[in-house]
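What follows is each chain in one-letter form.
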Amino acid sequence: NACLAEALGVVVEPPISVGGVRDLLWHGRLATPATPAEVAEKLRLHLGRPALHIAAAPAQIEHLAWCSGGAQKFLSAAAALGVQAYISGEISEPTTHEARELGVHYFAAGHHATERAGVQALGAHLAEHFQIDHQFIDDDNPA
């Protein structure tokens, strides 16, 4: 989640606990408000794949929430924060209707794609801390 915030240029606000996990749902504000198409393009460039976008009413996105991986079930918790958009890795049938009803842009950016940067950052941190060599081997997964 930290890597995604950095890539999108989000000023992070304190994460909230959801699903019994402390500080799992992140949210914050874009340094400059963006259109949904601009957010989708940032995601594509960072993740190397297009995100599935379920459009909602707001023409500009400033406040957004995200949780990598299979976190579509936290959409309503994100909406309760007053966000205009929510990003996670996966989507299910009800997610489309829930996003539209809540008026929140939903971006399903790929479970694997949204978690890959965190694994790489962890590898780099461990390599530096323990002076070890490491290599990230990406086994791409379209899900």
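Whatever comes next refers back to the structure up there.
A few points on the structure.

Scoring rules and cut-offs
Each chain carries its own residue numbering, running from 1 in the direction its sequence is written. A pLDDT threshold of at least 70 governs which residues receive local features in this predicted model, and a stricter bar of 80 or more applies before side-chain atom pairs are shown or counted, although totals over entire chains, interfaces and linings include all residues. Water and hydrogen atoms were dropped before computing side-chain values, which therefore reflect all heavy atoms in the structure. Categorising residues by exposure relies on relative accessible area from a 1.4 Å probe, with only protein chains included: less than 20% of the type maximum marks a residue as buried, more than 50% marks it as exposed, and the intermediate range marks it as partly exposed. Secondary structure counts use DSSP, requiring at least four H or I residues in a row for a helix and at least two E residues in a row for a strand, with both numbered from the N terminus. Strands qualify as paired when DSSP identifies two bridges or more between them. For helices, the axis comes from a line fit to the C-alpha atoms of the stretch in contact; other axes are also lines fit to C-alpha atoms, and the angle between any two N-to-C directions lies between 0 and 180 degrees. Geometry of aromatic contacts follows a simple scheme: Phe, Tyr and Trp rings, the Trp one being its six-membered ring, pair when their centres are within 6.5 Å, and the pair is stacked under 30 degrees between planes, edge-to-face over 60, tilted otherwise.

Quick word on the pairing of strand 4 (residues 61–67)
- Of all 7 residues in strand 4, 6 are buried, a share of seventy percent or more.
- Summarising the sheet, strand 2 (residues 21–34) and strand 4 pair through 5 bridges and their orientation is antiparallel. Among the inter-strand pairings, G28 is bridged to a residue of strand 4, identified as L64.
- One ladder, built from 4 bridges, connects strand 4 with strand 5 (residues 85–88); its direction is parallel. Across the sheet, W66 pairs through a bridge with I87, a residue of strand 5.

Observations concerning the sheet that holds strand 2
- If you trace the 6 strands from one edge of the open sheet to the other, you get 1-2-4-5-6-3, paired in mixed fashion. Looking at strand neighbours, the two that pair on one side only are strand 1 (10–18) and strand 3 (52–54), the edges of this open sheet. Taken pair by pair, the neighbouring strands of this sheet meet at an average axis angle of 20 degrees, ignoring direction.

Quick notes on the packing of aromatic side chains
- Scanning all chains against the criterion turns up 2 aromatic pairs.
- With a centroid separation of 6.2 Å and an interplanar angle of 55 degrees, the aromatic rings of W26 and W66 are classed as tilted. Placement of the pair is W26 in strand 2 and W66 in strand 4, with a sequence separation of 40 residues.
- Centre to centre, the rings of Y86 and Y106 are 5.8 Å apart; their planes meet at 45 degrees, and the pair counts as tilted. In this pair, Y86 sits in strand 5 while Y106 sits in strand 6 (residues 105–108), placing the two residues 20 residues apart along the sequence.
- Note on Y86: relative accessible area 0%, which makes it buried.

By themselves, these figures tell us nothing about what the structure is for.
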